[in-house]
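Commentary on secondary and tertiary structure
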Amino acid sequence: MTDQLSTAAPAPVLEARGVGKTFTGVAALQGVDFTLRAGESLALMGENGAGKSTLIKVLTGVYQPDEGQIFLHGEPASFAKPVDAQHAGISTIYQEVNLVPLMTVAQNIFLGREPRNRFGLIDFRKMQEDARALLATYDIHVDVRRPLRSLALGMQQMVALARAVSIDARVVIMDEPTSSLEAREVETLFRVIGMLRSQGIAIVYVSHRMDEIFAICETVTVLRDGKVVHNGRLTDLSRVELVALMLGRSVEKVKRGGVTAFGEVKEGEGEPVLTARDLSRKHQISGIGLDIRPGEVVGLGGLLGSGRSETLKAMAGVMQLDEGSLTVDGKRVRSGSVAAAIKAGVVMLPEDRKAEGIVPNLSIRDNIVLAALPRLSRAGFTSRAKQDAIVDVFMKRLRIKAASPNQVVSELSGGNQQKVMIARWLAMNPKVLLLDEPTRGIDVGAKAEVQALINELADEGLAIVLVSSELEEVVEGSARVVVLRDGSVERELRGSEVTEQHLMAALVGENHAPADESPAEIKERL
Amino acid sequence: MSAVTSAVRLPQKGAALVFLQRYGVYLAIALLLLFNLFFTPNFMTIDNFRVQFIQVVPVLIVALGMALVIGTEGIDLSVGAVMALSAAVIPLYIGYGPLPAAILAVLAGCLIGLANGTMIALIGVQPIVATLSLMVAGRGIALLVADEQLKSVIDPGFLALGRGTIAGVPYSVLLALVLVGLVAVLVNRTTFGKQLVSIGGSRRAAELAGLPVKRVLITIYILTAALASIAGIIQTARLSASVPSTVGNLIELSAITAVVIGGTPLSGGQVKVLGTVAGALLLQLIAASLIKHNVPDAYSQITQAVIILLAVYLQRGKAVLK
Amino acid sequence: MSLALEPSVGPATTKQVTRERIAGNVQRYGAAIVLGLLLVVGSFAFPTFPTVSNFTNIATQSSFLLIVAVGMTFVILTGGIDLSVGSVYALGGILAAYGSTWGIAGAVLLPLLVCGTVGILQGLLIAYGGMAPFIVTLAGLLGIRGLVFALTNEGANTPLIKDASVTALGQGGLLGLRWPVVIAVVVVVIGSVLLARGRGSQTVLAVGGSESAAVLMGLPVARVKFSVYVVSGLCAGLAGALNAAYSSSGVPTVGVGLELSAIAAVVIGGTLLTGGRGNLIGTTAGVLLLTVIQNLINQVGSLTSSVQAVVSGIFLAVVVIIQTVLSRTQRL
Amino acid sequence: TNTGTTTGGSGGGSETPEGTQQSVASSEGPTCSIEDYGAEKIDLKDAVVGFSQSEKEDNPFRIAETQSIKDEAEKLGVKKLITTNAQSTLSKQISDIQDMISQGAQALIVAPLNSDGLEPALQAARDKNIPVITIDRKVNATPCEDYVTFLGSNFVEQGKRAADQLIEGTGGEAKVAILLGSSGNAVTTDRTKGFKDQVAAEAPGIEIVAEQTGDFARDEGQSVTEQLLQANPDITAIYAENDEMGLGAQAAIVAAGKTPGEDIQIYSIDGTRNAVEQITAGSYNGVIESNPRFGPLAFQTLVDFMDGKPVGQDIIIADSEYDPSNAAERVSSAY
Ligand SMILES: Nc1ncnc2c1ncn2[C@@H]1O[C@H](COP(=O)(O)OP(=O)(O)OP(=O)(O)O)[C@@H](O)[C@H]1O
Ligand SMILES: Nc1ncnc2c1ncn2[C@@H]1O[C@H](COP(=O)(O)OP(=O)(O)OP(=O)(O)O)[C@@H](O)[C@H]1O
Ligand SMILES: [Mg+2]
Ligand SMILES: [Mg+2]
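Because the structure is a prediction, the values reported are computed rather than measured. (Residues numbered from 1 in each chain as written. Chains lettered and ligands numbered in written order. Predicted model: local features only at pLDDT ≥ 70, side-chain atom pairs only at ≥ 80, totals over all residues. Heavy atoms only, no water.)

Residues and elements named next belong to chain A. Near ligand 1 lie 21 residues; those nearest to it are Asn48, Gly49, Ser53, Thr54 and Gly415. Within the backbone of Gly51, an N or O atom sits 2.9 Å from an oxygen atom of ligand 1. Residue His208 places a side-chain N or O atom 2.9 Å away from an oxygen atom belonging to ligand 1. Protein chains bury 95% of the 640 Å² of accessible surface belonging to ligand 1 in isolation. Residue contributions to the shell around ligand 1 peak at three residues, all from helix H2 (residues 52-59). Residue composition of the shell around ligand 1, grouped by class: six nonpolar, eleven polar and four charged. (Near = heavy atom within 4 Å. Polar contact = N/O pair within 3.5 Å; in protein donor to acceptor, adjacent residues only side chain to side chain. Areas by Shrake-Rupley, 256 points an atom, 1.4 Å probe, with all protein chains shown as cover. Helix = DSSP H or I, 4+ residues; strand = E, 2+ residues; numbered from the N terminus. Nonpolar A, V, L, I, M, F, W, Y, C, P; charged D, E, K, R; others polar.)

Structure below.
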């Protein structure tokens, strides 16, 4: 396959030959050959922990390869630091948003290349104007003087993207750029990628979302367990074949799974286990009411910044409410106390795994049992046996890929970290599970497992609230969808209304979706 | 900010370097012992080691508490003042017997810990300034409690804490060993210990996981103060006098140094109890070697600085990036 | 229709932004606000407090610490710390005295050269050697003080400054302000401009805000970390030299505990100890606060040293509590 | 006692036992009068007097010194006495003095922290022609110009006398360890110099085997002595530059299983009650006094000065000494 390509293909811009990288005990990359040609858009695929991020970090000077060589325009190159790669025209959006939360949006975009006036001093006015203008080209309208951390995660990711592509680059590498974007932002992103490609800029794109891969990439490199298992044109592969390659299973086996792994969903019956009334907090959400019954999955729909995360945080006690009440099984839960919420059986998987989820220096085991620890201890003394029992179950059930439960969680791949987070909350045996982007950054295999798990948990009687920026996931996974807009409930979709058309129409504030319009058409309009 | 450690790592090192990183302190101790074996008369004697162990006890006990605080990404500058306060309280109540006096001394110290903890956990003051204010005020309070006087303590039961031995091992050393054991268990085997390092690792994540962050923080500052009070009591017994003006002066720096040399990063999220013990011992050995060779103060300070740098340089890479 | 396509920015965004901005300013100038309150209260309580001569004293007394604190602000903004400033301050003083035999140039350049070198060494170990700032500068605190004693025969010799032009640098002045005050103001102004709009200023903030992000963004992290320790060394040396000129002698024991005062001033001034946010106006207010607290204690005039310690400790606590509460409004 | 504690020192309380008053040992040399200095004549009764203490009042010497100044000011009916404490920080002492001047102090008594570096403070006083009397530590400046006069002990002499005591007590044959005061402190330098010079001159049989700083603190003195005794088991005498370190050394000697006062002799300087009591108990060998009660003499000098009488520029007080022959009878005059 590779031969066919090379005959007519333009010269390679960035190459890796025989690259190997071993972390203490884990061989993250072994003899990886990788080629990126000018103007090419290449999908880098693989399961969680396959080595995608590691390869990117080796290519961009964050890590030094243990063996092998990097070539830039055919010349051997070695990047001691990320800045060297940047100077060589390689711009990267790393998997975790890597910006400075305390600094403003404008500062973040122009860090390291601030516009100056004639005295050599930074010209903030110009910087803000430029930032505003730059973001506007991507349809982002935020106050660029605000600190980055005040933006929702998806918006932060858009800022990171704007920064990366505004640097004059020959190669743009994106490690899961869409993981916290929803449809509209993804559209914007695609537009940007189209622009880049038309300028002959080569793109490396990592994502676990198949649609996206097939929509924008020409070629694909598949990694499995640190080795390259496939290299070629994407058009030569079907989805199923690609998944099979990634997972290392036969096509037949993979075929049995559907688009999403959700089974039949049904509305819950009986008394609501959780009742939220008039949840309000100044400037964030107002008057939100929800009833969640045991055994049902309720989706929360909304655009970026519509207040989905805030609603979950309000119910999980993370956020102090100005008004409103929350009752679980008829008992009032004190607002603003996570402990009280957990005690009542309401737990939340936070959206920002890096800042709010993992405790980076602790082991997988400790991270999983973190919340459940008091239950697994006697008189304050921890019991290793009890912990191991639980950790074992979840590591197997969620297929967490790690050297051992003792491995430090920050060493795991992004997807596996997410699974650890899910395990933490499942270990609590909650009554109500609030999931903010549960499949963010999770590979197809694991995603299916998580989706199946959500199904299964609902069947077992758990009440679940699901926030996802993938419409497909919300629609297929939920029995009904509550749509938020500007911090309050816009609409509720039930039964047959739970379709992508209706949801999308509701998102933009149209009460009745024309039934004859297809999702694609609506996407088009957006 | 501590959550980002993973993103940037120093390049991997060879096995020898990994060994040095992990065992840097112990190696430094061994080298120093070796040096003394050859160049210091009367060093390798039981009596000498007893002296070293007795002298290291206060710093060690304070460093244990400091390690806990540092594990939560905090710091406690007030430990010296707490020692002074507990020393000041002893003579007031020694008439009721050594034990009640000691208990009251620890309680008094804990009040400072409570003040620290409240300011830090509930109000959100940065630990270094919160404890700095109590470092200044605490010693003043201690002196006022003591009526600005130095008092001899002659209760034989109390003095035994400073002088008595079991099978040649001084009580104070035994007490320190017990405390090391307790802290090690606390850190490694209890819910509290795990919560402590989680807070240091990522306070936000700990909060979202429903941990009682504020309670744990307050408790830790109180514990640290309690340990410092015990150090103050031991020091008082050893001196057979309550000297609130000088006891524990600058001990916060020694304690922090011991903790850091022992491999606990100042960025929190880890507590190395054994390393802390080794760190304290290393400092003690450095001081002893310099005094025994009658090195003038100026050069002794320079030498200490160089040795500390070397010991930490050996194990750098572990705690570098915040 | 196009309206519906505007991104959903949540209700009352502009109001929120205004609120954030006000809260930001309260935090930025929290120390200055507390300082203002203290000045008013002090003026009512003690008639001898609001006098020109007293304020001149306060200014002079603050100037040395302020110069040190400016350097410390840069260090703390990167998330580091410099414990060596007290010893470097003493070294600067000694060297100024030795250097004064070559006149004013020697008295200023010699300390700057050597203290800058101390900063360079510490900066190298921290930025390129990957060592923790706390430990490196703690060793600096010990080692440099040792060096000071070694240079002065265990502190027995105090080199004196005889050159009139050098003593004039400490004692003379401009418009009723002593040179150290004038120089401190200049240092603050230059520092503020650099920090707000200078090359590398954004990297300083970024390193403190998130070092790994700064590395991944390709910022010159090591260079900036290195530079701030050099700046701090230079500032401490300059302050020490000015202080020596002011007191016509290089006293080996000055500056003990100065690092804590400087750190306290910086933190009270609203700079986050973890780095990433802060400004020199705050630091200036922090330094003045510490001096004014001492001044007010002296105004009472009959407190014993123990009571003074208690009062100033509690004062400090109250000030940081107020400052923290003021700035908390901005937390998200 | 049954309380298990003893209290050291009276804190220089109001009862001043007979014989504790400072007396002038020498006041020869040039004098200074109010005309010479150029100050304005004031009546202390309606004057504001400032006292700048150098170190914290947390040790007997400083407590007694401050108390004695306060007591005497009260006795004389001084209108207002402002006291400040530099807490061992030179810059604070400068500020303290400046602050007192701007508060309207008309006369100053200063216990300098350091011999050098007070220039700006003295200058500020000079600018307003405020008379400054320095006590206990001498500043390197011109008397009757930068300040009026110095009252205090001769620290070199104290070291010399301690050497004399030690030479006599040991018969001129000893291995001595010196516990130095804080580095960079003029008192340390002088007491070391006086001692070493005298030993070199008078007692070739005395060997100084170690000199290490104990920072004038009891616990440091104890730790250092413990180390030294281990390394040099043949030490027979200790010279501590203040009583606190001497008492620490005593505890270390006991811990090492030796008898203080006999196996190892201890000499120190200060004259605190704790140390003198140890002499009476036989486990301490000699103490050279450094009398802190400057109040009466300082104010007397000030009064004389204001009355237009010439006062000595360099008034050295007579320090007594304690040894086994007189300790019991004179312990009451210790502070
Ligand atoms: N710093 C590290 N230390 C130790 N092991 C590491 C480190 N970084 C990555 N690994 C390991 O290397 C392997 C590859 O990880 P990598 O992050 O490249 O996966 P990935 O393909 O990007 O996965 P995901 O899709 O989940 O992001 C994993 O097994 C991971 O645990
Ligand atoms: N475009 C924007 N401009 C300014 N602020 C925004 C914008 N988008 C979001 N925010 C801020 O983000 C917060 C709401 O985000 P929230 O996380 O609740 O959204 P969400 O619906 O959960 O979206 P996501 O799932 O992408 O995070 C609000 O505080 C809002 O101020
Ligand atoms: Mg990845
Ligand atoms: Mg969200």
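Having seen it, we continue.
Before going further, it helps to spend a moment on the site of ligand 2. Among the 17 residues in the neighbourhood of ligand 2, the closest are listed as A:Leu304, A:Arg308, A:Ser309, A:Glu310 and A:Glu351. Chains contributing residues near ligand 2 are chains A and C. The side chain of A:Ser309 places a nitrogen or oxygen atom 2.6 Å from an oxygen atom of ligand 2. Between ligand 2 and A:Glu351, the relevant distance is 2.8 Å, taken from an oxygen atom to a side-chain nitrogen or oxygen of the residue. Here ligand 2 has 620 Å² of accessible area as a free molecule, and 95% of this is covered by the chains.

Attention now goes to the sheet that holds strand S11 (residues 237-240) of chain D. All names here are of chain D. Across the sheet, six strands lie side by side as S10-S9-S11-S12-S13-S16; this open sheet has mixed pairing. Of all the strands in the sheet, the pair left with one neighbour each is strand S10 (206-213) and strand S16 (321-322). Here strand S13 (residues 286-289) pairs with S16 via two bridges, running antiparallel. Paired with Val287 across the strands is Tyr322, a residue of S16. (Pairing = 2+ DSSP bridges.)

Residue and element names in this part refer to chain C. Running from amino to carboxyl end, helix H5 (residues 85-99) crosses helix H6 (residues 103-128) at an angle of 145°, the nearest separation of the two axes being 7 Å. The interaxial crossing formed by H5 with H6 has right-handed handedness. Of H6, the residues touching H5 (which contributes Val88, Leu91, Gly92, Leu95, Ala96 and Gly99) are Gly103, Gly106, Ala107, Leu110, Pro111, Val114, Cys115 and Val118. (Axes fitted to C-alpha atoms, helices over the stretch in contact; angles between N-to-C directions. Left-handed = near helix turned anticlockwise from the far one by under 90°. Contact = heavy atoms within 4.5 Å.)

Here we come to the pattern of salt bridges. Side-chain pairing between opposite charges can occur once the charged atoms of the two side chains come close. All names here are of chain A. All told, the structure shown has 43 salt bridges over all chains when counted by the stated rule. Salt-bridge contacts for Glu456 lead to Arg397; the nearest nitrogen and oxygen are separated by 2.9 Å. With a gap of 59 residues between them, Glu456 in helix H17 (residues 444-459) and Arg397 in helix H15 (residues 384-397) connect regions that are remote in the sequence. Note on Glu456: relative accessible area 37%, which makes it partly exposed. (Salt bridge = Lys/Arg side-chain N within 4 Å of Asp/Glu carboxyl O. Buried < 20%, exposed > 50% of the residue type's maximum accessible area, 1.4 Å probe, protein only.)

Our next topic: unusual backbone geometry. The residue A:Glu176 is not glycine, and still its phi comes out positive at about 50°. Taking the relative accessible area as the measure of exposure, A:Glu176 reaches 5% and is therefore buried.

All names here are of chain D. Position of Val132 among the secondary structure elements: in strand S7 (residues 132-135). You can call Val132 buried: its relative accessible area is 2%. Discounting residues that sit within four places of it in the chain, Val132 has contacts with Tyr37, Leu108, Val110, Leu122, Ala125, Tyr147, Val148 and Thr149.

This paragraph deals with the coordination of the magnesium ion (ligand 4). Residues and elements named next belong to chain A. Those protein atoms acting as donors to the magnesium ion (ligand 4) are Ser309 (OG) and Glu351 (OE), and they sit at 1.7 to 2.7 Å. With a gap of 42 residues between them, Ser309 in helix H11 (residues 308-315) and Glu351 in the loop between strand S16 (346-349) and helix H13 (353-357) connect regions that are remote in the sequence. Taking relative accessible area as the criterion, Glu351 reaches 16% and is therefore assigned buried. (Donors = N, O, S within 2.8 Å, 3.2 Å for Na, K, Ca; no water.)

The interface of chain C with chain B comprises 51 residues on the first partner and 47 residues on the second. Taken over both partners, the interface formed by chain C and chain B buries close to 4000 Å², and the fraction arising from carbon and sulfur atoms is 76%. In this assembly, chain C and chain B are joined by zero salt bridges. When residues of the side of chain C that touches chain B are traced back to their parent elements, those giving at least two are helix H7 (133-151), helix H10 (201-209), helix H11 (211-216), helix H13 (258-268) and helix H15 (305-328) of chain C. The element that contributes the greatest number of residues to the side of chain C that touches chain B is H15(C), accounting for 14 residues. The class makeup of the residues in the side of chain C that touches chain B is 30 nonpolar, 16 polar and five charged. (Buried area = accessible area lost by both parts, 1.4 Å probe.)

Interpretation in functional terms is not warranted from these geometric data alone.
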